[in-house]
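Inside the fold
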Amino acid sequence: MKNSLQNSFFKLCFTLALCASFSFSYAQVDTAQASLLLKGDLQNHLISKLGGRLGEIKVSERFTAGNSTIQIASRQIPSRLGTVDQITIKITEAGKTQFFSLTQGSDGKLSELRSGQLVAISGGNPLNCVSQLFGAASSCGACKTKILNCISQNNTFLARVRCLGRNFDGTCISCGVSLVSIVNCLKG
């Protein structure tokens, strides 16, 4: 009995140690990958035109579902306008890649670079947009519910996109709704 308890105890300790090491490695931010993703016209504009300084990278995540991949990177940039979150999203679906490069201020408003100017995005209702995207098809109800929950349970664009990445799965792929379309809904 004593040996049995010792073996069980050692197995439990090993399992806990293994789980802790996986959790720790997942929590690490890949700053090199995020830096590459964030480089571009928006970052240059924030630094050169608005006197920004590169802040700490807060998010670097990659999610894969089927032949779709979404990469998300975010960093804070203090500038003359105040501190903004610079967010870049790279979506690859069916061999096509699309980028979204945005800023989000402390007021929650999104902006993007258009013709050399930072322009506020006038937001629509993401709940309505996603509902229209999926329509009334009952076969897509599970995916639609997951995405609507991402919107209603998170109050920032970045949190919603991260939730989308975690929840976009086979039920969503079979619906034929693209990640790009959903991010456009979240964007406004």
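Residues numbered from 1 in each chain as written. Predicted model: local features only at pLDDT ≥ 70, side-chain atom pairs only at ≥ 80, totals over all residues. Heavy atoms only, no water.

Points about the state of the cysteines
Quick reminder of the rule: Any two cysteine sulfur atoms within 2.5 Å of one another count as a disulfide. A run of DSSP states H or I qualifies as a helix once it reaches four residues; a run of E qualifies as a strand once it reaches two. Both are numbered from the N-terminal end. Each residue is placed in one exposure class: buried if its accessible area under a 1.4 Å probe, protein chains only, is under 20% of its type's maximum, exposed if it is over 50%, and partly exposed if it falls in between.
Applying the stated criterion to the full structure yields 4 disulfides. There is a disulfide in this structure between C140 and C175, and the S-S distance comes to 2.3 Å. Handedness of the C140-C175 disulfide follows from its S-S torsion of about -130°: it is left-handed. With C140 in the loop between α4 (126-134) and α5 (141-153) and C175 in the loop between α7 (170-173) and α8 (179-187), this pair connects stretches of sequence that are 35 residues apart. One disulfide in the model links C143 with C172; its S-S distance is 1.9 Å. Across the S-S bond of C143 and C172 the torsion is about 105°, and the bridge reads as right-handed. Of the two residues, C143 sits in helix α5 while C172 sits in helix α7, which places them 29 residues apart along the sequence. Each member of the pair C143 and C172 is classed as buried. Cysteine pairing for the chain, with bonded cysteines counted in sequence order: 1-8, 2-7, 3-6, 4-5.

Focus: the nonpolar core
To keep it simple, the criterion reads: Side-chain atoms within 4.5 Å link the members of a nonpolar core, which is a set of buried Ala, Val, Leu, Ile, Met, Phe, Trp, Tyr and Cys residues. The contact definition used throughout considers only heavy atoms, calling two residues in contact when any of these lie within 4.5 Å.
Core analysis: the largest hydrophobic core is formed by 33 residues, its most contacted members being I89, F134, I147 and F157. Listed by contribution, the elements that provide at least two residues to this core are β1 (57-65), β2 (68-79), β3 (82-93), β4 (96-104), α4, α5, α6 (157-167) and α8. Here this core gets 6 residues from one element, more than from any other, and that element is α8. Contacts of F157, omitting those with residues within four sequence positions, involve I87, I89, L102, Q104, L110, V183, L186 and K187.

A few points about unusual backbone geometry
Most peptide bonds take the trans configuration, and most residues that are not glycine carry a negative phi. We note that A94 has phi near 50°; this positive angle belongs to a residue other than glycine. Locating A94 in the fold gives a position in the loop between β3 and β4. Non-glycine residue S115 carries a positive phi angle of around 50°. Inspection of the secondary structure puts S115 in the loop between β5 (110-114) and β6 (117-120).

Remarks on the pairing of β2
What counts, and what does not: Only when DSSP finds a minimum of two bridges between them are two strands counted as paired.
Counting buried residues in β2 gives 10 out of 12 residues, a clear majority hidden from the surface. Count of turn residues in the β1/β2 antiparallel hairpin: 2 residues, of which G66 carries a positive phi of about 65°. Here β2 pairs with β3 via 12 bridges, running antiparallel. Within the sheet, the bridge partner assigned to R75 lies in β3 and is Q86. Once β2 ends, the chain turns through 2 residues before running back antiparallel as β3.

A closer look at α8
Every α-helix winds through 3.6 residues per turn, so residues three or four apart in the chain are directed the same way. In terms of burial, α8 is a largely internal element, 7 of the 9 residues being buried. Turning to α8, its buried residues are L179, V180, I182, V183, C185, L186 and K187. Following α8 by one or two positions, G188 has its phi on the positive side, about 115°.

Regarding the packing of α6 against α8
In plain terms, the rule: Helix axes are fitted only over the stretch in contact, all axes being lines through C-alpha atoms; the angle between N-to-C directions runs from 0 to 180 degrees. Orientation labels follow simple angle bins: below 35 degrees gives roughly parallel, above 145 gives roughly antiparallel, 65 to 115 gives roughly perpendicular, and whatever is left gives oblique. By convention, the crossing between two helices is left-handed when the near helix turns anticlockwise from the far helix through less than a right angle, and right-handed when the turn is clockwise.
Running from amino to carboxyl end, α6 crosses α8 at an angle of 155°, the nearest separation of the two axes being 10 Å. With respect to their mutual orientation, α6 and α8 come out roughly antiparallel. Handedness of the α6/α8 crossing: right-handed. Between α6, through F157, R160, V161 and L164, and α8, the contact on the second element is made entirely by L179, I182, V183, L186 and K187.

Any functional reading would require information beyond the geometric quantities listed.
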